[in-house]
Amino acid sequence: MTTPTSLPFAYNGKKTNAAKQIWELLGDPKHYIEPFAGSCAVLLSRPHDYTQRYETINDYDAYLANLLRAIKLDPEKLFEHVDATPANRIEFAALRKEARTGEENLRERIEADRTYCDIDTAAQYYALLCGSFPRSCGLMAIYRTHVRLPYRKDLKQIFKQISQRFRYVCIQATSWETLVTPAQLEYPTGIYLDPPYDKTESIYRKNNRVSTDVEAWCLEHTDSPHRIVLSGYDTEHDQLLNH
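Before going into details, it helps to say that this report is about the structure given with it. (Residues numbered from 1 in each chain as written. Predicted model: local features only at pLDDT ≥ 70, side-chain atom pairs only at ≥ 80, totals over all residues. Heavy atoms only, no water.)

Moving on to helix α4 (residues 75-83). Buried within α4 we find P75, L78, F79 and V82. Along α4, the residues classed as buried sweep out an arc of 100 degrees about the axis, all on the same side. (Buried < 20%, exposed > 50% of the residue type's maximum accessible area, 1.4 Å probe, protein only. Helix = DSSP H or I, 4+ residues; strand = E, 2+ residues; numbered from the N terminus. Arc of directions from axis to C-beta.)

Moving on, we come to the nonpolar core. Counting 45 residues, the largest nonpolar core has L7, I57, L67, L78 and F166 as its most contacted members. The leading source of residues in this core is helix α3 (residues 62-73), at eight residues. Beyond its immediate stretch of four places on either side in the chain, L7 contacts K14, G38, S39, C40, L44, L68, I71, I162 and F166. (Core = buried A, V, L, I, M, F, W, Y, C linked by side-chain atoms within 4.5 Å. Contact = heavy atoms within 4.5 Å.)

All right, on to the pattern of salt bridges then. Pairing is possible between side chains of opposite charge, provided their charged atoms come close. In this structure the tally under the stated criterion is eight salt bridges. Close ionic contact of D28 with R46 constitutes a salt bridge, the shortest N to O distance being 2.8 Å. With D28 in the loop between α1 (19-26) and β1 (31-34) and R46 in the loop between α2 (41-44) and β2 (54-58), this residue pair connects regions lying 18 residues apart in the sequence. Through salt bridges with shared partners, a single network forms among D28, R46, R53, E55 and R165. (Salt bridge = Lys/Arg side-chain N within 4 Å of Asp/Glu carboxyl O.)

With the rule as written, the count across this model stands at six aromatic pairs. Note on F36 and W176: the rings are 6.3 Å apart at their centroids and 35 degrees apart in plane angle, and the pair reads as tilted. Note that F36 is positioned in the loop between β1 and α2 and W176 in the loop between β3 (169-172) and β4 (189-193), a separation of 140 residues in sequence. The burial state of F36 is the same as that of W176; both residues are buried. Note on Y126 and F159: the rings are 5.8 Å apart at their centroids and 75 degrees apart in plane angle, and the pair reads as edge-to-face. Highlighted residues: Y126 in helix α7 (residues 119-132) and F159 in helix α8 (residues 155-165), separated in sequence by 33 residues. The residues Y126 and F159 share a single accessibility class, namely buried. Stacked on the ring of Y60, the Lys or Arg R107 has its end atom at 3.8 Å from the ring centre. Cation over ring: R165 sits above Y50, and NZ or CZ is 3.7 Å from the ring centre. (Phe/Tyr/Trp six-rings, centres within 6.5 Å; stacked < 30°, edge-to-face > 60°. Lys NZ or Arg CZ within 6 Å of the ring centre and 35° of its normal.)

In structure tokens, the structure reads:
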């Protein structure tokens, strides 16, 4: 079964084009951690046999992490709910009003139970993503009173394919720091860091300069046994080139 190299929706900062170079730098680590998973383009583009690997992906956006869990745990049910989710402008406005109201509670549930996901919430979040980037989801546009517009016809199959790829993947919704502690990095690990770029934190609903903190962590671990790859915008992390 061929696995898609990205999720079936557009997402800010997708690394599909950079994934090959990232894996050339990481090699084929037995342990792999991605604290800022986003579109999962890097994980999905892994060229190696992953069945004997320990992979963890994470995103602090609990709604995104919940969607990834839903794809992994019950792709068919997720598709059924997505297919029944509103796709016109009036109903999208109602969805946006409800969005983000229970994120902390959702994050706590995801972290407390590795088998937890909320299918309804995942379907609504997918619809909201499609509302932001309609063409990537098979929607030509969302007009005032139009009835449902068709999602891409292969969506059910794509969910199944990604579910199979996620079979052995641990999906979390915690802060990035908790994934790179000494306890988590007991063995040599491949770590791909793609934090919100400096001055773009608001796009990701972040209020602090996450990128600066991540860079500082990388500087502290230049002599570690781990393979660490950090993405940034333009000259953002140029000081790391000396290490």
